[in-house]
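# Structure at a glance
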Amino acid sequence: MALVPCPACDHRISEKAVACPSCGHPGSGSDRHGLVPALGRVAGTYVSANAITGAILGSVMFISFAAVLITLILSHR
């Protein structure tokens, strides 16, 4: 398993990596099936795993905050 430079940012990544962990550029890994590569090709762009994790975490935090606010509003009636 050799390390090769990422074509987008020149960081060293595994030749089997699905995407560059630094910039999210799709790797040259042979396994192109699964959730991350499918999400990464949305609208012809690529999305890093950190961006996907941040979006999911942000959504969960927003829903939790809204639930707390609704509970507080309804308990004061």
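All of these numbers come straight from a predicted model, not from anything done at the bench. (Residues numbered from 1 in each chain as written. Predicted model: local features only at pLDDT ≥ 70, side-chain atom pairs only at ≥ 80, totals over all residues. Heavy atoms only, no water.)

### Quick notes on the overall build of the protein
When its secondary structure is counted, the protein shows 2 helices and 2 strands. The secondary structure elements of the protein, listed N-terminal to C-terminal, are β-β-α-α. When burial is assessed residue by residue, the protein has 16% of its 77 residues classed as buried. Put simply, of all contacts in the protein between residues at least 6 apart along the chain, 5% involve residues at least 24 apart. Accessible surface computed for the protein: about 5,900 Å², of which carbon and sulfur atoms make up 68%. (Helix = DSSP H or I, 4+ residues; strand = E, 2+ residues; numbered from the N terminus. Buried < 20%, exposed > 50% of the residue type's maximum accessible area, 1.4 Å probe, protein only. Contact = heavy atoms within 4.5 Å. Areas by Shrake-Rupley, 256 points an atom, 1.4 Å probe, with all protein chains shown as cover.)

### Thoughts on the UniProt feature "transmembrane region" (unreviewed entry) in the protein
Feature annotation in UniProt places "transmembrane region" (unreviewed entry) on residues 51-74, given in this structure's numbering. Taken end to end, residues 51-74 comprises 100% helix and 0% strand; its first and last C-alpha atoms sit 34 Å apart. (UniProt positions renumbered as here; feature names shortened; annotations may be inferred.)

### Here we look at the environment of Ala-8
Along the chain, the position of Ala-8 falls in the loop between strand E1 (3-5) and strand E2 (12-14). For the pair Ala-8 and Pro-26, spaced 18 residues apart in the sequence, the C-alpha separation amounts to 9.3 Å. Here Ala-8 is in contact with Cys-23 and His-25, once residues within four sequence places are set aside.

### Focus: unusual backbone geometry
In this structure, Asp-10 takes a positive phi of about 65° despite not being glycine. On the secondary structure map, Asp-10 appears in the loop between E1 and E2.

### Here we look at a nonpolar patch on the surface
Residues Phe-65, Val-68, Leu-69, Ile-70, Leu-72, Ile-73 and Leu-74 make up a contiguous nonpolar surface patch of about 680 Å² in total accessible area. Tracing the backbone through its elements, the reader meets Phe-65 in helix H2 (residues 49-75). (Patch = residues over 30% accessible without salt bridge, like charges linked within 9 Å, V, L, I, M, F, W, Y side chains within 5 Å. Salt bridge = Lys/Arg side-chain N within 4 Å of Asp/Glu carboxyl O.)

### Digging into the environment of Cys-9
Relative to the helices and strands, Cys-9 resides in the loop between E1 and E2. A sequence separation of 16 residues divides Cys-9 from His-25, and the C-alpha atoms of the two residues are 8.4 Å apart. In this view, Cys-9 contacts Cys-20, Ser-22 and Cys-23; residues no more than four positions away in its chain are not counted.

### Some words on the state of the cysteines
For the structure on display, the rule yields 0 disulfides. Cysteine Cys-6 shares no disulfide, and the gap to the nearest cysteine sulfur, in Cys-23, comes to 3.7 Å. Assessed through its relative accessible area of 1%, Cys-6 is described here as buried. Free cysteine Cys-9: the closest other cysteine sulfur is in Cys-20, separated by 3.7 Å. (Disulfide = S-S within 2.5 Å.)

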